[in-house]
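Architecture and fold: a report
This is what each chain is made of:
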Amino acid sequence: MPLDQLAHDFLSRLNAAVKRKVTVVFVGGNALVFLGFKGATADVDIVCRSVEPEVAKFCAEYLSRYKVKAEFFVDALFKGIRVKDYRNQAYSIKQDEFPNIDLKILHIYDVLLMKIDRLLPRDMDDIVAVLSKSEISKKELDARFNYLMKFTMASHKENFMEKYKAFNKQLGQLLKP
């Protein structure tokens, strides 16, 4: 399983801390590492479910104890976007090393849209890496973007739309039709 050391350490500690099976969805750079688009990431990015408060509690303790850079999202992926189907879209990972963890990796289209929504310089690097190493369909990415817009809070819609337009203007030619 291609996990960098930081993600592996996180999963090992979480697996030991929980008493029942919990779901963890790797997003952002961790998803890109797992999918083979980059070698490592400097942080841990996961989504946990609010119905699994022990995961959120563990994440808070992990952050304070180990002083790692991390983003933990609860029931949402995007700032201002409340979409719930990301777990159904995510790739389920069969693994035996962490028996208390149902491990998922965010679907590549959702990873890209998360990166576009934030659009920091490191996000642009990740987007270019994905687009140069895979065939991402403009039609499918547009469809997912339009779907997400239905769940985007009014105060965030214009900002997300502008970033998506900027992405298409700068890198749209790297998408397959």
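Report follows, based on the coordinates. (Residues numbered from 1 in each chain as written. Predicted model: local features only at pLDDT ≥ 70, side-chain atom pairs only at ≥ 80, totals over all residues. Heavy atoms only, no water.)

1. As for the nonpolar core
Core analysis: the biggest nonpolar cluster contains 56 residues, and Phe10, Ile136, Leu141 and Phe167 have the highest contact counts within it. If one sorts the elements of this core by residue count, helix 5 (residues 108–118) sits on top with seven residues. Apart from the residues lying within four places of it in its own chain, the contact partners of Leu141 are Tyr109, Leu112, Leu113, Ile136, Tyr164, Phe167 and Leu175. (Core = buried A, V, L, I, M, F, W, Y, C linked by side-chain atoms within 4.5 Å. Buried < 20%, exposed > 50% of the residue type's maximum accessible area, 1.4 Å probe, protein only. Helix = DSSP H or I, 4+ residues; strand = E, 2+ residues; numbered from the N terminus. Contact = heavy atoms within 4.5 Å.)

2. Topic: the sheet that holds strand 2 (residues 44–48)
Two strands in a sheet stick together by hydrogen bonds in their backbones, pointing the same way (parallel) or opposite ways (antiparallel). The strand order across the open sheet built from five strands is 3-2-1-5-4, with neighbouring strands paired in mixed fashion. Either end of the sheet is taken by a strand with one partner, and the two such strands are strand 3 (70–74) and strand 4 (91–92). The pairing of strand 4 with strand 5 (residues 101–105) spans two bridges and is antiparallel. Along strand 5, the bridge assignment pairs Tyr91 with Ile105. (Pairing = 2+ DSSP bridges.)

3. Let's talk about the packing of aromatic side chains
Counted under the stated rule, the structure contains seven aromatic pairs. Through pairs of rings, three or more aromatic residues link up here, namely Phe145, Phe160, Tyr164 and Phe167. (Phe/Tyr/Trp six-rings, centres within 6.5 Å; stacked < 30°, edge-to-face > 60°.)

4. With respect to the pattern of salt bridges
Tallying each qualifying case throughout the model produces 10 salt bridges. For Lys38, the salt bridge goes to Asp126, with nearest N and O atoms at 3.1 Å. Note that Lys38 is positioned in the loop between helix 2 (28–34) and strand 2 and Asp126 in helix 6 (residues 121–133), a separation of 88 residues in sequence. Look at Lys38 and you get partly exposed, because its relative accessible area is 27%. (Salt bridge = Lys/Arg side-chain N within 4 Å of Asp/Glu carboxyl O.)

5. Regarding the pairing of strand 5
Counted residue by residue, strand 5 has four buried out of five residues, so it is predominantly covered. Two elements, strand 1 (residues 22–26) and strand 5, share five bridges in a ladder whose sense is parallel. Residue Phe26 lies in a different strand from strand 5, and its bridge partner there is Ile105.

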